[in-house]
Amino acid sequence: MRLITDTFAFCRERVPRWNTISISGYHLREAGSTAVQEVAFTLANGIAYVTAAQEAGAQGRRVRAAAFVLLQRPQ
């Protein structure tokens with residue numbers, strides 16, 4: 001988490017228009033999770049990242065704007 005929060009802080013100061021992090025659930029699906037598990041774990045990771053960044057002093061809206069979520073669409 002420290003690496004993520006430090007990355008958010010660095011990008012906020014140095015490259016504010018950069019998409020700081022991609023929160024991906026795609027690899028979970030490829031490893032055998034169900035669609036529901038993929039979404040649940042991906043959202044849980046995203047919430048944990050935003051919470052950690054806010055606890056480190058970042059403003060929530062800026063953190064949410066810097067995160068990108070990637071999910072697999074089942075066939």
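See the structure printed just above.
Visitor: Provide a residue-level description of the overall build of the chain, including the pertinent values.
Guide: Looking only at helices and strands, one finds four helices and two strands in the chain. Order of helices (α) and strands (β) in the chain, N terminus to C terminus: α-β-α-α-α-β. Counting over 75 residues, the chain shows a buried share of 27%. Long-range pairs, those at least 24 residues apart, make up 65% of the contacts in the chain with a sequence separation of at least 6. Summed over its atoms, the accessible surface of the chain is roughly 5500 Å², and 56% of this surface lies on carbon and sulfur atoms.

Visitor: Can you tell me about helix α3 (residues 35–55), naming the residues and giving the values?
Guide: Spanning 21 residues, α3 covers 30 Å between terminal C-alpha atoms, matching the ideal 30 Å at 1.5 Å per step. Taken residue by residue, α3 has E38, T42, G46, Y49, V50, A52 and A53 as its buried positions. Summarising the axial view, the buried residues of α3 lie within an arc of 165°, below the 170-degree limit, and thus occupy one face. Set apart from the buried face of α3 by more than 90 degrees, the exposed residues are V36, I47 and E55. G57 sits one or two positions beyond α3 and adopts a positive phi of about 110°.

The rules behind the values
- Residues numbered from 1 in each chain as written.
- Predicted model: local features only at pLDDT ≥ 70, side-chain atom pairs only at ≥ 80, totals over all residues.
- Heavy atoms only, no water.
- Helix = DSSP H or I, 4+ residues; strand = E, 2+ residues; numbered from the N terminus.
- Buried < 20%, exposed > 50% of the residue type's maximum accessible area, 1.4 Å probe, protein only.
- Contact = heavy atoms within 4.5 Å.
- Areas by Shrake-Rupley, 256 points an atom, 1.4 Å probe, with all protein chains shown as cover.
- Expected span 1.5 Å × (residues − 1).
- Arc of directions from axis to C-beta.

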